Amino acid sequence: MKQLKIFALIAICLLTACQGNDDVTPELDLSQTEFQLGYESESVSMDVTSNYLWTIEQLSGQDWCSYAVEGDAVKFTAAANNGASPREADFKVVSSDLTKQVKIIQTVYTLPEDFSDLSAKGTANCYIVAPGSKVYFNASVKGNSTESLEGVADTKLVWQSDKDLVTFVKYVPAVKSIAVETGSAKGNALVAAVNAAGEVVWSWHLWITDYAPEATLFSTPANAAGTVWKFMDRNLGALSNKPEGFDSHGLLYQWGRKDPFPGATSYTDQDPYTYVYYDGKDGEPVFYDFNNQELPKCSTKAAKNGSVELAVKNPDVFYLNLKIDTGKTDEYGDKIYDQGDWGKPTDDDAWGGISMKKTINDPCPVGYKVPVSDASGNTPYAWLKYASMTWDKTNYGAVQDGQWFPATGTRVYEGGGLDFPDPADGGNPYSGIWFGTIGSASEYNHYGQYMFIINGKRTFKCSKDSRSQGMSLRCVAE
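Rules of the game
- Residues numbered from 1 in each chain as written.
- Predicted model: local features only at pLDDT ≥ 70, side-chain atom pairs only at ≥ 80, totals over all residues.
- Heavy atoms only, no water.
- Helix = DSSP H or I, 4+ residues; strand = E, 2+ residues; numbered from the N terminus.
- Rg over C-alpha atoms; globule rule 2.2 N^0.38 Å.
- Buried < 20%, exposed > 50% of the residue type's maximum accessible area, 1.4 Å probe, protein only.
- Contact = heavy atoms within 4.5 Å.
- Areas by Shrake-Rupley, 256 points an atom, 1.4 Å probe, with all protein chains shown as cover.
- Lys, Arg positive; Asp, Glu negative; His and termini not counted.
- Charge placed at Lys NZ, Arg CZ, Asp CG, Glu CD.
- 1 Å grid on protein atoms, 1.4 Å probe; cavity = no way out; pocket = protein on both sides within 12 Å on 5 of 7 lines; lining within 4 Å.
- Points joined across faces, edges and corners; volume = space filled by probe spheres on them.
- Nonpolar A, V, L, I, M, F, W, Y, C, P; charged D, E, K, R; others polar.
- Disulfide = S-S within 2.5 Å.
- Pairing = 2+ DSSP bridges.
- Axes fitted to C-alpha atoms, helices over the stretch in contact; angles between N-to-C directions.
- Phe/Tyr/Trp six-rings, centres within 6.5 Å; stacked < 30°, edge-to-face > 60°.
- Salt bridge = Lys/Arg side-chain N within 4 Å of Asp/Glu carboxyl O.

A. Quick peek at the overall build of the protein chain. When helices and strands are counted, the protein chain shows two helices and 34 strands. By the compact-globule yardstick of 23 Å for 478 residues, the protein chain is too spread out, its C-alpha radius of gyration being 31 Å. Considering only C-alpha atoms, the protein chain reaches an extent of 110 × 55 × 40 Å along its principal axes. Per-residue burial over the protein chain gives 49% buried out of 478 residues. Residue pairs in contact within the protein chain that sit at least 24 positions apart in sequence constitute 58% of those at least 6 positions apart. Of the roughly 22,300 Å² of accessible surface on the protein chain, 49% is carried by carbon and sulfur atoms. Side chains of the protein chain carry 41 positive and 60 negative charges; the gap between the two charge centres is 6 Å.

Structure (structure tokens):
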């Protein structure tokens, strides 16, 4: 024990001699005292040279800039700056009676001058973007409304229909916009604004194509009320208006929702009772995240008990047909269910069929809207006639007045999978094209109207279906 005390005393004496020697002049050198960082997360190091013990203290910027002492160096780590302004963090290094200041300055992302404004002519839930573009759009409001979008902290790519369609996406808080760069290919993508917790607060469909709708609009003949609709020449999300292949099919929509879902890329059938695909052929396309990693297929994410709030937070989730027990019975004593819609609350004007105006949930680009029946009750597709159409037996679809209406199949409201019967197996390919007018129904049965596309006398007949069904859509000029 005595020997240990002697060793301890010697150590104290040596330390005192080293640090308390008046003949030693304190020295403190830092390899760098100011760092200029970009807006992205970044780490930098600073070497410390001193002949005394030294310490470092953080004076400001604690919430975004951290430090770690690594031997004779300090490593500073800055989180990404998603704010609207540059920011600074201050530190001091102390050795004996010497003090030196260190400053970390982090810039903010600024929109380059070569980015063009997609929302210069108005806002929408969908923007047409040419391949190889640098663009940005207003993320301060919801869709084409004036309702403010609050709580935006960042952005993310929800999905893209092919790899490298979107090569850059960034929220720009200084101008409350989302900046996007697209690759050289055509396709579709969904971009979302998220809050600090990573939850989606709104989302936008990017229709990546060199299509210019105004150049090829089709004007319908005036009906008895004098109404004329000016239709796009292809389905929303389609990459072509040519019959060959699947590029003309476009995307599928649940009635009243703003966000699209993928359609079939091959023929496929579902068992009508189990909703399992026959022969394992599901027709589901592969979608990708920003890092080009495959995402779970759409049908695997289908969910029950949807709502308007959930639809905003989960734009890639297909909500199945509701069936809610109302607690009431009919005249026969059978239970009455509230059904037909994908979520609550039900909104008969979700696509403007009552107000006759473009709504906050309209999925069409700037200057276009979901077609609805006119004030006299005439449907926007009344100009299409079975006797006037020609059925394309090779590509499966109807042609009238030079306009191509492909059979695309549907996404089934009770299971979430695709139904697109294979003609090689005796199937009859079909589809429906939604418009924004509600279908006649009881208080508890919620339908939307659509135009039927099938090889038979029911072609070009308006009908109604559950609003949770996934069908095609074709926009008209406002």
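Past the structure itself, the notes keep going.
B. Quick peek at empty space enclosed by the protein. According to the stated counting rule, one finds two cavities of 30 Å³ or more in the structure shown. In this structure, the largest cavity encloses a volume near 120 Å³. Taken together, 13 residues make up the lining of the largest cavity; nearest its centre are P262, F287, P296, C298 and K301. Looking at the lining of the largest cavity residue by residue, the classes come out as ten nonpolar, no polar and three charged. Here the second largest cavity is characterised by a volume of approximately 80 Å³. Every residue lining the second largest cavity is listed: G256, R257, K258, D259, V308, A311, V312, W342 and N361.

C. Structural context of unusual backbone geometry. With an omega dihedral of -5°, the bond running from K344 to P345 counts as a cis peptide bond. By the secondary structure assignment, P345 is in the loop between β23 (343-344) and β24 (368-369). Backbone geometry places D164, a non-glycine residue, at a positive phi of 60°. Along the chain, D164 turns up in the loop between β12 (154-160) and β13 (166-172). Of note in the backbone geometry, M356 takes a positive phi value of approximately 65° without being a glycine. The residue M356 is located in the loop between β23 and β24 in this model.

D. Fine view of the state of the cysteines. Throughout the structure, instances matching the rule amount to one disulfide. Between the sulfur atoms of C364 and its disulfide partner C475 the distance amounts to 2.2 Å. Between C364 and C475 the sulfur-sulfur dihedral comes to about -90°; the bridge is accordingly left-handed. Pair noted here: C364 is in the loop between β23 and β24 and C475 is in the loop between β33 (470-473) and β34 (476-477), with a separation of 111 residues, a long-range link. For the pair shown, C364 and C475 are each scored as buried.

E. Representation of the sheet that holds strand β26 (residues 397-400) within the structure. Read from one edge of the open sheet, three strands run β25-β26-β27, paired in antiparallel fashion. With partners counted over all chains shown, the strands left at the sheet margins are β25 (390-392) and β27 (403-406), one partner each. Going from strand to strand, the sheet's axes swing by 25° on average, the running direction of each strand aside. Pairing between β25 and β26: three bridges, direction antiparallel. By the bridge assignment, T390 is partnered in β26 with V399.

F. Quick peek at the packing of aromatic side chains. Under the criterion given, the structure shown has 24 aromatic pairs. Note on F246 and F420: the rings are 6.2 Å apart at their centroids and 85° apart in plane angle, and the pair reads as edge-to-face. Placement of the pair is F246 in the loop between β18 (230-231) and β19 (253-254) and F420 in the loop between β29 (418-419) and β30 (430-439), with a sequence separation of 174 residues. By relative accessible area, which is 1% here, F420 ends up buried. Site record: aromatic cluster; members linked through ring pairs are F218, F231, Y381, W383, F405, F435 and F460.

G. Structural context of the side chain of H205. Within the secondary structure, H205 sits in strand β16 (residues 200-208). The exposure class of H205 is buried, given its relative accessible area of 1%. Those residues in contact with H205, other than ones at most four positions away along the chain, are N125, C126, Y127, N188, A189, L190, G237, L251, Y253 and P260.

H. Summary view of the pattern of salt bridges. Following the criterion strictly, the structure yields 17 salt bridges and no others. Linking D29 and K100 is a salt bridge whose minimum nitrogen-to-oxygen distance equals 3.9 Å. Of the two residues, D29 is situated in strand β1 (residues 28-30) and K100 in strand β8 (residues 98-106); the sequence distance between them amounts to 71 residues. A salt bridge links K186 to D210, with the shortest nitrogen-to-oxygen separation between them at 3.4 Å. With K186 in the loop between β14 (177-182) and β15 (187-194) and D210 in the loop between β16 and β17 (218-219), the pair connects residues that are 24 residues apart, well separated along the chain. For D210, a relative accessible area of 55% corresponds to the exposed category. Connected via shared salt-bridge partners are E88, D90 and K103.

I. Region of interest: the sheet that holds β1. Strand order across the open sheet formed by four strands is β1-β3-β6-β5, with antiparallel pairing between neighbours. Where the open sheet ends on each side, the last strands, each with one partner, are β1 and β5 (65-69). Each strand axis lies, on average, 25° off the axis of its neighbour in the sheet, ignoring direction. Relative to strand β6 (residues 73-78), β5 is paired through five bridges, and the arrangement is antiparallel. Bridge pairing in β6 links Y67 to F76.

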